[in-house]
Amino acid sequence: MYTHVAVHRSHNMADESQPNGTDVVDKMTVEVAEMALDANETPKAAEPVKTGENETNGAAAKPVSSAAFKEQFKAFSKFGDTKSDGKHLTLSQSDKWMKQAKVIDKKITTTDTGIHFKKLKSMKLTLDDYNKFLEDLAKTKKVELEEIKNKMANCGAPGVHNATPGKAADTVARLTDTSKYTGSHKQRFDETGKGKGIAGRKDLVDQSGYVSGYGHKNTYDKTH
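Structural notes, computed from the coordinates. No experiment lies behind these values; they were computed from the predicted model shown.

Looking at the overall build of the chain
Each helix and strand counted, the chain has 11 helices and two strands in total. For the chain, the N- to C-terminal ordering of α and β elements is α-α-α-α-β-α-α-β-α-α-α-α-α. Taken across its 224 residues, the chain has 20% of its residues classed as buried. Within the chain, counting contacts between residues at least 6 apart in sequence, those at least 24 apart form 54% of the total. Here the chain has roughly 17,800 Å² of accessible surface; of this, 54% comes from carbon and sulfur atoms.

Right, here's the structure in full:
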């Protein structure tokens with residue numbers, strides 16, 4: 001509508017300016033027509049950005065924090081070895097790390113880690129060599145390397161386990177409950193459960209001077 005009104009108006013102005021009524025389009029008419037065409041022109045839709053297969057089907061694997069993995073390597077290299085400089089890792093320390101991170105399971109065993117560790121022909125591996133060890137292990141066992149390293153980077157400090165008390169703990173608690181003791185075993189503890197020591201195990205000789213079995217000990221002064 002804007003286009004028709006603008007062009008019509010421009011033509012009227014042109015007719016008024018021309019005494020003979022000729023259809024001469026002046027410069028203003030051309031400018032108005034160009035503005036109308038620009039307004040009606042629709043921009044082309046932006047082409048969709050092509051995404052990779054991993055991004056289309058789902059989120060990509062979470063990247064491993066190299067700093068966190070390095071810190072874990074250093075911590076486990078000192079685990080059980082106070083003289084370690086934190087730059088080398090033994091097979092034993094590696095297995096402890098992997099067990100805590102639950103990398104060693106039915107699919108990856110200590111036999112597998114031993115075979116691939118010894119391929120590098122060294123009793124202790126640097127961080128670079130250890131990464132090669134993990135790459136070789138993951139490739140052979142067909143496990144994602146990023147998954148292994150993520151577990152190892154986030155398994156917590158060495159020796160931290162989320163173990164729950166088992167039946168053994170309940171058994172020990174039951175066996176150490178002195179309130180349930182009977183017979184001679186009961187005589188070894190007082191009412192609070194504290195052990196009487198040798199007095200609870202042997203009949204000690206009364207050295208007070210009273211006849212054995214006398215029941216009125218220390219009562220003379222109270223009655224006279």
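Description of unusual backbone geometry
Despite not being glycine, Lys102 has its phi angle at roughly 60 degrees, a positive value. Within the fold, Lys102 resides in the loop between helix 5 (91-100) and helix 6 (110-118). You will see that Lys142, though not glycine, has its phi angle at about 55 degrees, which is positive. With respect to the helices and strands, the residue Lys142 is situated in the loop between helix 7 (127-141) and helix 8 (145-153). The exposure class of Lys142 is exposed, given its relative accessible area of 73%.

Considering helix 4 (residues 66-77)
Between its terminal C-alpha atoms helix 4 stretches 16 Å, which fits the 16 Å expected from 12 residues at 1.5 Å a residue. Buried residues in helix 4 make contact with strand 1 (89-90), helix 5, strand 2 (124-125), helix 7 and helix 8.

Looking at the packing of aromatic side chains
Summed over all chains, the structure comprises seven aromatic pairs. Between Trp97 and Tyr130 the ring centres are 5.8 Å apart and the planes differ by 5 degrees, which places this aromatic pair in the stacked class. Here the residue Trp97 occupies a position in helix 5, and Tyr130 occupies one in helix 7, the gap between them amounting to 33 residues. Residue Trp97 is classed as buried on the basis of its relative accessible area, which comes to 0%. With a relative accessible area of 0%, Tyr130 lands in the buried category. Where Tyr130 meets Phe133, the ring centres are 5.2 Å apart and the plane angle is 40 degrees; that geometry is what we call tilted. Here Tyr130 and its partner Phe133 are both found in helix 7, three residues apart, which amounts to about one turn of the helix. Side by side, Tyr130 and Phe133 carry an identical accessibility label, which is buried. Taken together, the ring pairs in this structure connect Phe69, Phe73, Phe76, Phe79, Trp97, Phe117, Tyr130 and Phe133 into an aromatic cluster.

Observations concerning the environment of His88
Looking at the element boundaries, His88 is found in the loop between helix 4 and strand 1. Classification of His88 by relative accessible area gives partly exposed; the value is 29%. When the C-alpha atoms of His88 and Met123 are compared, they prove to be 9.2 Å apart, with 35 residues separating the residues in sequence. Excluding residues within four positions of it along the chain, His88 makes contact with Phe73, Ser77, Gln93, Lys124, Leu125 and Thr126.

Focus: a positive patch on the surface
There is a patch of like positive charges on the surface, built from Lys70, Lys74, Lys78 and Lys87. Looking at the secondary structure, you find Lys70 in helix 4.

So, the pattern of salt bridges
A full pass over the atoms with the stated rule returns four salt bridges. Among the salt bridges present, the one from Asp129 reaches Lys132, with a minimum N-O distance of 4.0 Å. In this pair, Asp129 and Lys132 are both assigned in helix 7, three residues apart and thus about one turn of the helix distant. On the basis of relative accessibility, which here comes to 27%, the residue Asp129 falls in the partly exposed class.

Conventions adopted
- Residues numbered from 1 in each chain as written.
- Predicted model: local features only at pLDDT ≥ 70, side-chain atom pairs only at ≥ 80, totals over all residues.
- Heavy atoms only, no water.
- Helix = DSSP H or I, 4+ residues; strand = E, 2+ residues; numbered from the N terminus.
- Buried < 20%, exposed > 50% of the residue type's maximum accessible area, 1.4 Å probe, protein only.
- Contact = heavy atoms within 4.5 Å.
- Areas by Shrake-Rupley, 256 points an atom, 1.4 Å probe, with all protein chains shown as cover.
- Expected span 1.5 Å × (residues − 1).
- Phe/Tyr/Trp six-rings, centres within 6.5 Å; stacked < 30°, edge-to-face > 60°.
- Patch = residues over 30% accessible without salt bridge, like charges linked within 9 Å, V, L, I, M, F, W, Y side chains within 5 Å.
- Salt bridge = Lys/Arg side-chain N within 4 Å of Asp/Glu carboxyl O.
- Lys, Arg positive; Asp, Glu negative; His and termini not counted.
- Charge placed at Lys NZ, Arg CZ, Asp CG, Glu CD.

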